[in-house]
Amino acid sequence: MKWLVVAICLAGAQGRTLYEDPTRSIRIYGYSSAEGGTNANGDFEFQLVGNPATVESRLQGMTLQGSIASGVVAPARSEKEPAFIRSLNVDGPAVLTLDSALMYQAQRDNAARFGTKAPEEPKGTDTAKLTTDRFVYSGTGSDGIFTIPNAFRIEARSEGQTPSLQYQQTMTATGSKATINLDPAAISTIPIETGTISGPVKVHIDRTETALGKPSEKTIMDGEADQVVLDLKSERAITLTGNVKVRGESGLYLGTSEGDTVVIFLDESLKPIRVRVTGSPTKSTLRDKSAGGGGK
Amino acid sequence: MLLAQSVFTYRDTKGDLSLKSRDGQGEMISNGYKFILRGAVSVTSKSRAFTLTADRVEATVSATKSGESPNDLRIAKATGKVKLVQSSAGQNSTLTANSVTYQPLGNQGKVEASGSVTIQNIDSAKRESMRATGSSGSATLDKTAQRGVRTAELKGPVRVDVVQSSKSNSKVVFTGGRLTLTGDTITLSGNVKASGSGASQFGNLSNVDSLTVYLNDKGEMSRFTFKSGGLD
């Protein structure tokens, strides 16, 4: 009975549902008022006011919230062309949440619905929350671009395990504007493919990992730059340029580095594994504990 | 005049209006007749381009011109499996109900209907492009309208099934408290919901206060608009 009450309260907290596509990937809810309709293409257009109005794209693990939102959803054309958000403007406070667990569950549901093979359960989970006053999203069935025109903050969390260790990592970043490209096939369970963040940018990474039979090891890194470029698809690297400062407080990196460009290379679990500092002049007291890491 | 025949038929001299039934009775009135017809009743008016069929019909007919044989309906009250087919230059419309009262109003016909009311638009290929149902309602029939029904109001719960113009083998189903049909639009109000049907991948829309469906020349849904809450 207690669980029933909790479930009812949770359902009520989400607010009433306005729209849901046949695969239940796209859901619009939590609005206080709405207008919209279909256009000549059969797309579903909407304008929402809410506190917050919420648009969810489960197959992308993506939840978008704001006090005002307007957008277009392309309904599924066939089993192989699921519904997707074609465009979305969100005004704030605007919040974007990426959740790998939500995405995985939607992929499983879709596989069950269409009788296809379910994806392998990921060994870790990733969440990211971006808060700002406004963002614009433009997407297709396979990718999407976020444009964040004003100051924002990202809080990301990863946790999971490999055959030899367990890890937890948090990352916070602030910037004055950004463009982020999404790709569901990106290497991370968060579908961020590439991105450009304009500064001043501040990044803080805090990671704890525990290997079997060994004490936990903590890595703390802080970075500042005029611009940060994310590439989680091909290079798997974070590139900081312009007035760059990187400081490692514990763990793999100790000391500070300053230069024109600093590249932080990541492994598949988004763990910083190597730092390359370039520029003239560069100042570095960084002690890179990883093999092949670079100083100045 | 008492009629007790196996098949009753009335037809005016020009063959414009005809009434048929298995049995019935009638009486002469000023400038016309009053009939009470039972069993497989059909009333056909060529000038109004409509046919009414029902289990029972009380009809008053009169002459449109003095001195001619009665060739037009003044009123028809039909009960039991009532079906009214109104032809037009574009699509034909069919109205079915348990009970219908039909009254001419100029060149148009005013209908009051109750009990499982259904209005269908049928295209030239005899395909249903739209079906609206309600518990009661009214309609104005007009052979000069693009579709046989010029206007209609249905009270609920109401349901509209309409073909999507982008996909001929798919429909969207709308439900609500009441609906108004005016030519190329159908407006539903009161807890309106919409859902895809057949090959439609539209999905589900719910918690809507009012919704208007726009029909194209073929009577298919070209688009719809909705409103919920107090957005200005």
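Let me sum up the structure you'll find in this document. (Residues numbered from 1 in each chain as written. Chains lettered and ligands numbered in written order. Predicted model: local features only at pLDDT ≥ 70, side-chain atom pairs only at ≥ 80, totals over all residues.)

### Observations regarding the pairing of strand β4 (residues 62-74) of chain A
Residue and element names in this part refer to chain A.
Right, on to step 1. Where strand β3 (residues 44-57) meets β4, eleven bridges bridge the pair, whose relative direction is antiparallel. Counterpart to L48 in the pairing with β4 is A69.
Right, on to step 2. Counting the residues between successive antiparallel strands, the hairpin from β3 to β4 contains four residues, one of them, G61, with a positive phi of roughly 65 degrees.
Right, on to step 3. For β4 and strand β5 (residues 84-99), the ladder comprises eleven bridges, and the chain directions are antiparallel. (Pairing = 2+ DSSP bridges. Helix = DSSP H or I, 4+ residues; strand = E, 2+ residues; numbered from the N terminus.)

### Considerations on the environment of R159(B)
Residues and elements named next belong to chain B.
Right, on to step 1. You can see R159 is positioned in strand β10 (residues 149-164).
Right, on to step 2. By the C-beta count within 10 Å, which is 18 here, R159 ends up partly exposed.
Right, on to step 3. Among all residues touching R159, those that are not within four sequence positions of it are T133, V173 and T175. (Buried ≥ 20, exposed ≤ 12 C-beta atoms within 10 Å, placed from the backbone. Contact = placed C-beta atoms within 7 Å.)

### Here we look at unusual backbone geometry
Note: most peptide bonds trans; most residues except glycine with negative phi.
Right, on to step 1. Cis geometry is found at the peptide bond from G92(A) to P93(A), where omega equals 5 degrees.
Right, on to step 2. Positionally, P93(A) belongs in strand β5.
Right, on to step 3. Looking along the chain, the bond that leaves G156(B) and enters P157(B) is cis, with omega of 0 degrees.
Right, on to step 4. The topology assignment puts P157(B) in strand β10.
Right, on to step 5. Of note, the phi angle at K81(B) is positive, near 50 degrees, even though the residue is not glycine.
Right, on to step 6. Note on placement: K81(B) falls in strand β6 (residues 72-86).
Right, on to step 7. The backbone of N191(B) sits at a positive phi, close to 45 degrees, despite the residue not being glycine.
Right, on to step 8. Mapped onto the elements of the fold, N191(B) is located in strand β12 (residues 185-198).
Right, on to step 9. With 14 C-beta atoms counted inside 10 Å, the residue N191(B) sits in the partly exposed group.

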